[in-house]
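# Chains, contacts and geometry: an overview
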Amino acid sequence: MVALESTLIAHGLPKPRNLEVALELEATVRAEGAVPATIGLLDREAVVGLSPGELERLAAADGVAKASSRDLGALLAAGRAGATTVAGTLRIAALAGVRVLATGGIGGVHRGAEHTLDISADLTELSLAAVAVVCAGAKSVLDLARTLEALETLGVPVIGYGVDEFPAFYSRESGLPLEHRVETPEQAAGMMEAHWALDGAGLVLANPPPDSHALPSAQVESWLGRAADAARAEGIAGKAITPYLLDRLAGISKGRTVETNIALLADNARLAARVAVALASRRGA
């Protein structure tokens, strides 16, 4: 099984593209021989494997809560619909015994966190949940160097898939070297099992965006500078900052960042499915 987060459905992409992409990701996982399990909160339940009808509900509804790990209990008790972030998805996936999660990019240490203490709960959950997250690194809007340092402190290994450099979400290059690398899903599954046999928790499998859609890092940084200036001018902060910046980047880039995001989501889902199949094979499933 491959867990998929649902914030991209409710908060990450415009309608109706959000539902189309959610269904495409599930189809990609199935095509590789694995079972997709999109996770969300509906009708006072944490659902592991949303049905097509439930996916449509989340995609069409207004006011769906953004559900990080800290929010799960409160939202379930209140009966509110929730789209799970990476942190929320990690928590529920681990409880359900799902060992592989696919997403676009993890959260991390925000730029200026020395003043704001704005650090994503994704990092904490990675240190607690024995789940491998396949992603294109951390979102470009973050402080990638400090994010890597935080992951090291938390004991979360970051494994490059076919690369020696931490991907920068929209870009293949960040200038930040990685110490560990694998070349195949089978090697990744073996490293995961070895990590978990030593009572390790989360693991990041960093898969760079496809060459066909990767953007130059210098260009992304230029766009991001303009988006950050706009956020400061409007007083945007806290949980609202990442979706705001991503939305501004989409406008500034004339949609190029959105297309790269969709391409890397599909590529990560494909790799996650192959890793899940390799893991099941090693376990004789």
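So, a few notes on the structure that sits alongside this text.

Calculation criteria
- Sequence positions are assigned chain by chain, starting from 1 and proceeding in written order.
- Per-residue local features of the predicted model are confined to residues with pLDDT of at least 70, and side-chain atom pairs are confined, for both listing and counting, to 80 or more; whole-chain, interface and lining totals are unaffected and use all residues.
- Side-chain descriptors were evaluated using all non-hydrogen atoms of the structure, hydrogens and water having been removed beforehand.
- Here a strand is any run of E in DSSP of at least two residues, a helix any run of H or I of at least four, and the numbering for each starts at the N terminus.
- For the radius of gyration, the atoms used are the C-alpha atoms, and the globule rule reads 2.2 Å times the number of residues raised to 0.38.
- Should any heavy atoms of two residues lie within 4.5 Å, those residues are counted as being in contact.
- Residues enter a nonpolar core if they are buried and are Ala, Val, Leu, Ile, Met, Phe, Trp, Tyr or Cys, with the set joined through side-chain atoms within 4.5 Å.
- Each residue is placed in one exposure class: buried if its accessible area under a 1.4 Å probe, protein chains only, is under 20% of its type's maximum, exposed if it is over 50%, and partly exposed if it falls in between.
- Pairing of aromatic rings covers Phe, Tyr and the six-membered ring of Trp, with a centre-to-centre limit of 6.5 Å; geometry is then stacked below 30 degrees between planes, edge-to-face above 60, and tilted otherwise.
- Look at NZ for Lys and CZ for Arg. If either is within 6 Å of the ring centre and within 35 degrees of the ring normal, a charge sits over the ring.
- Directions are taken from the helix axis to each C-beta atom, and the arc is the one they span.
- We define a salt bridge as a contact between a side-chain nitrogen of Lys or Arg and a carboxyl oxygen of Asp or Glu at a distance within 4 Å.

Before going further, it helps to examine the overall build of the protein. Looking only at helices and strands, one finds 12 helices and 10 strands in the protein. By the compact-globule yardstick of 19 Å for 285 residues, the protein fits well, its C-alpha radius of gyration being 17 Å. Summarising its shape, the C-alpha atoms of the protein cover approximately 55 × 45 × 35 Å along the three principal directions. For the protein, the proportion of contacts with a sequence separation of at least 24, taken over those separated by at least 6, is 71%.

With 53 residues, the main nonpolar core has Leu90, Ile106, Leu126, Leu151, Val158, Phe166 and Leu245 as its most contacted residues. Broken down by element, this core gets its largest block of residues, six residues, from helix H10 (residues 217–234). Excluding residues within four positions of it along the chain, Leu126 makes contact with Leu90, Ile106, Val131, Val133, Leu151, Val156, Ala201, Gly202, Leu203 and Val204. Core analysis: the next-biggest nonpolar cluster, separate from the first, contains 44 residues, Leu58, Ala130, Ala272 and Ala278 among them.

A separate point is unusual backbone geometry. Residue Pro16 is bonded to the preceding Lys15 through a cis peptide linkage, with omega at 0°. Considering the arrangement of structural elements, one finds Pro16 in the loop between helix H1 (7–12) and helix H2 (17–31). Residues other than glycine seldom take positive phi values, yet Asp43 does so here, at roughly 55°. The phi dihedral of Leu117 falls on the positive side, at around 60°, and the residue is not glycine.

Attention now goes to the packing of aromatic side chains. Scanning the model with the defined rule gives one aromatic pair in all. Geometrically, the ring pair formed by Phe169 and Tyr170 is edge-to-face, given 4.7 Å between the ring centres and 65° between the ring planes. For Arg99, the ring lying beneath its charged end belongs to Trp196, and the centroid distance is 4.1 Å.

Take Thr147: it is sitting in helix H8 (residues 144–153). Owing to a relative accessible area of 0%, Thr147 belongs among the buried residues under this scheme. Here the alpha-carbon distance between Thr147 and Arg111, two residues 36 residues apart in the chain, equals 9.8 Å. Residue contacts for Thr147: discarding those within four places in its chain leaves Gly107, Gly108, Val109, Leu123, Ala138 and Leu142.

This next bit is on the environment of Thr89. Mapping Thr89 onto the fold places it in helix H5 (residues 86–96). On a C-alpha basis, the gap between Thr89 and Ala37 in space is 10 Å, while along the polypeptide they are 52 residues apart.

Below, the discussion takes up helix H3 (residues 52–60). Buried within H3 are the following residues: Leu55, Leu58 and Ala59. For H3, the angular spread of buried residues about the axis comes to 100°, placing them on one side. Elements in contact with the buried residues of H3: H1, H2, strand S2 (36–42) and strand S5 (82–84).

Counted by the stated rule, this structure contains 18 salt bridges. Linking Arg181 and Glu183 is a salt bridge whose minimum nitrogen-to-oxygen distance equals 2.5 Å. Its relative accessible area of 36% is what places Arg181 among the partly exposed residues. One network of salt bridges, with partners in common, ties together Arg17, Glu20 and Glu24.

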